[in-house]
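What the coordinates show
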Amino acid sequence: MKITKLKTWQVPPRWLFLKIETDEGVYGWGEPVIEGRAATVEAAVHELSDYLVGEDPRNIEHLWNVMYRAGFYRGGPILMSAIAGIDQALWDLKGRELGVPVHQLLGGKVRDRMRMYAWTGGDRPSDVGTGARALVDQGFTAFKMNGTPEMQIVDTHRKVDEAVARIAEARDAVGPDVGIAVDFHGRVHRPMAKTLMRELEPFHLMFIEEPVAPEHLPMLKSIAQDLATPIATGERLHTRFAFRDLLADNMVDIVQPDLSHCGGISEGLKIATLASAYDVALAPHCPLGPLTLAASLQLDAVCHNAFIQEQSMGIHYNKDNDVLDYLVDKSALAIEDGFCAIPEGPGLGVEINEEFVEERAKVGHRWRNPVWQHEDGSVAEW
């Protein structure tokens, strides 16, 4: 079997889909994308196709290493996201050829279903109590919200008080037993992160995500010292090597690799295994489309330290299309009572409606995250 073609489509709301085809008619789907840089990742995918066309798609580990090592320059969000989507498609293809889900190729599942969480509140969080209550009424036992809008490196305590009030509103709306994850989104700097994290302790959060931007991760140990709330990070770390020092220095409680950013299922499994050696939990990042979610669930299926899975159904970014729109069988990723059954179909376990993909690709997208400014005109972290 030989790879013959890599086909890509930019589809609303902000995704990039990939299909790898072969001379034997077997195919696989993946989702190589960085939010806001879909065209750049798409170009990288087609550059990497030079290493892939004519090769046996079943040699996944070899092809991964060729893509990672052969170009000399390696890592980073663009290249690793391109590799990630290709890797997903190769696993999907292999599972389809053999007629088994990917988790069977990775050793078999350790669970039948995965606890899921949803988003509420938007980029600049608001109406979080109402949104949180609605999610609980849908059956979710956990949700995530942004902790704060833009915040200066040293800001007023009023901003802290406002953030605390929002989390209090959410906690009051859902009671003590629902998991609340608060995403600082890297928009809180070290001086304010220390204060804000301390003030949020009484709300018994499920975790705080990206307390600081990834370039400041060495600060985590001093920021979170003596605090009980679990710390989660990893969506902007792209290889196992980026997670290595974070884990070795005991700076994190939950790793959040994104399987469309971190080199795919192959590298995600290595990251999860590395985390398990430090008794660190796994909660894959996934505010993306159906293929990223399906790949994440295949990884969750085989990782004992996986405890919850993000998904983007109904998220504030999904304006034109949503996760299930692109599936032939929407029940493959159905969430019931806050859980999603591990997909059991061949490959990633979902079938993409290629005709609908072609139709929506004519619309395409040019999604960009907001560019925020502080009151003094300086650019703010989004």
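What counts as what
Residues numbered from 1 in each chain as written. Predicted model: local features only at pLDDT ≥ 70, side-chain atom pairs only at ≥ 80, totals over all residues. Heavy atoms only, no water. Axes fitted to C-alpha atoms, helices over the stretch in contact; angles between N-to-C directions. Helix = DSSP H or I, 4+ residues; strand = E, 2+ residues; numbered from the N terminus. Left-handed = near helix turned anticlockwise from the far one by under 90°. Contact = heavy atoms within 4.5 Å. Nonpolar A, V, L, I, M, F, W, Y, C, P; charged D, E, K, R; others polar. Buried < 20%, exposed > 50% of the residue type's maximum accessible area, 1.4 Å probe, protein only. Pairing = 2+ DSSP bridges. Polar contact = N/O pair within 3.5 Å; in protein donor to acceptor, adjacent residues only side chain to side chain. UniProt positions renumbered as here; feature names shortened; annotations may be inferred.

**A few points about the packing of helix α5 (residues 128–137) against helix α6 (residues 157–174)**
It is at 8 Å that the axes of α5 and α6 come closest, and there the two elements cross at 35 degrees. Once α5 is placed against α6, the crossing between them reads as right-handed. Counting all contacts with α5, which are made through V128, G129, A132, R133 and V136, the residues of α6 involved are R166, E169, A170, A173 and V174. For the contact of α5 with α6, the class distribution of residues is six nonpolar, one polar and three charged.

**Observations regarding the environment of V363**
With respect to the secondary-structure elements, V363 resides in the loop between α12 (354–361) and β14 (372–373). Judged by its relative accessible area of 53%, V363 is exposed. Separated by 17 residues in the primary sequence, V363 and P346 have C-alpha atoms spaced 30 Å apart.

**What about the pairing of strand β1 (residues 3–11)?**
Consecutive side chains along a regular strand alternate between the two faces of the sheet. With eight bridges joining them, β1 and strand β2 (residues 15–22) adopt antiparallel strand pairing. Each residue of the ladder has a partner; that of Q10, found in β2, is L16. Between β1 and β2, which follow one another and run antiparallel, lie three residues.

**Focus on the environment of K109**
Examined against the element boundaries, K109 turns out to sit in the loop between α4 (102–105) and β4 (113–119). The class of K109 is partly exposed, set by a relative accessible area of 33%. Considering only alpha carbons, one finds K109 and C303, 194 residues apart in sequence, at a separation of 7.9 Å. Not counting residues up to four positions away in its chain, the partners in contact with K109 are H103, A301, V302 and E344. Within the local environment of K109, its side chain forms a polar contact with the side chain of D112, the two groups lying 3.4 Å apart. A distance of 2.5 Å separates a polar atom in the side chain of K109 from a polar atom in the side chain of E344.

**What to know about the UniProt feature "domain: Mandelate racemase/muconate lactonizing enzyme C-terminal" (unreviewed entry) in the protein**
Residues annotated in UniProt with the feature "domain: Mandelate racemase/muconate lactonizing enzyme C-terminal" (unreviewed entry) correspond here to residues 125–230. Across residues 125–230 one finds 42% helix and 12% strand; the C-alpha atoms that close the span lie 21 Å apart.

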